[in-house]
Each structure stands twice: as C-alpha cells, then as structure tokens.
Amino acid sequence: MDHGENNITVVDENGNEQLCEVLFTFDSEEFGKSYVLYYPIGAEEDDADDIEIHASAFIPTEDGEDGELMPIETDEEWDMIEEMLNTFLEEQEDEE
C-alpha cells in the first residue's frame, strides 16, 4: 500500500468532511467484513505519539471501489482491530 496515494474523506457526525490518510486495511473472515484504519491528515505533523487512529468497517462494492464506512459495533471487533494495529505498529518499528 502506498502511503501517499491512499486518502479517504470521512464525514463526521456534524457533516464536516475530513481528509484522512489510510494507515492500513485488512479483511476478517471471522466477521465477514473489511476494516480500514485511518487518521486525519495533518495529525502526523503535530505529534506522532498522539495521533488518534480511527477504525471503520466497510464492505467493498463489487467493482472494487471502496464501500461505505460503517461503525464498529462489537467489543470483539474492537479487540481484533486493536491486535491488528499493535501488530502493524510493531512491524513498522522493526523496519525503522
């Protein structure tokens, strides 16, 4: 995944659009969904330790376009996402 190319626009509950950068996506067979982890663009310049990382579920459309983002509703999903994120961050540290 190329970090410069992969942006999504997220609309918050107030209807404000925010451009976000995708950290990574993954599929879960257990839940039958795909997940995307992302953060607001500009956040990485402030303080890398304080980036608020968001996660959403999505179901890709048949033509391969990004589907609609959906909230994550269960603790089980959050636990799995947290594990994936921790693994991802550890791999990033190993590369540096």
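Conventions and cut-offs
Residues numbered from 1 in each chain as written. Predicted model: local features only at pLDDT ≥ 70, side-chain atom pairs only at ≥ 80, totals over all residues. Heavy atoms only, no water. Core = buried A, V, L, I, M, F, W, Y, C linked by side-chain atoms within 4.5 Å. Buried < 20%, exposed > 50% of the residue type's maximum accessible area, 1.4 Å probe, protein only. Helix = DSSP H or I, 4+ residues; strand = E, 2+ residues; numbered from the N terminus. Contact = heavy atoms within 4.5 Å. pLDDT = per-residue confidence, 0-100. Pairing = 2+ DSSP bridges. Axes fitted to C-alpha atoms, helices over the stretch in contact; angles between N-to-C directions.

A. Up close: the nonpolar core. Ranked by internal contacts, the top residues of the largest apolar core, which has 13 residues, are Leu23, Phe24, Phe26, Tyr35, Leu37, Ile72 and Ile81. Looking at this core, the elements that each hand over two or more residues are strand E2 (17-28), strand E3 (33-40), strand E4 (54-58) and helix H2 (75-95). Here the element with the most residues in this core is H2; it accounts for four residues. For Phe26, the residues in contact, after removing those within four places along its chain, are Lys33, Ser34, Tyr35, Leu37, Met80, Ile81 and Met84. The next biggest cluster of nonpolar side chains, apart from the first, holds seven residues, and it includes Ile8, Val10, Val22 and Val36.

B. Broad picture of the confidence of the model for the chain. In the predicted model, the chain carries a mean pLDDT of 83, and the fraction of residues at 70 or more is 81%. Element-level mean pLDDT values for the chain span from 58 in helix H1 (residues 43-46) up to 93 in H2.

C. Layout of the sheet that holds strand E5 (residues 69-70). The five strands are arranged E1-E2-E3-E4-E5 in an open sheet whose pairing can be described as antiparallel. The strands lining the two open edges of the sheet, one partner per strand, are strand E1 (7-11) and E5. Where E4 and E5 come together, two bridges link them in antiparallel fashion. Following the sheet pairing, Ala57 is matched in E5 by Met70. Packing of H2 onto the sheet brings it into contact with E2, E3 and E4, and relative to E2 it is tilted by some 95°.

D. Fine view of the side chain of Glu77. You can see Glu77 is positioned in helix H2. What makes Glu77 buried here is its relative accessible area of 3%. When residues no more than four places from it in sequence are discounted, the contact partners of Glu77 are Phe31, Lys33, Tyr35 and Ile72.

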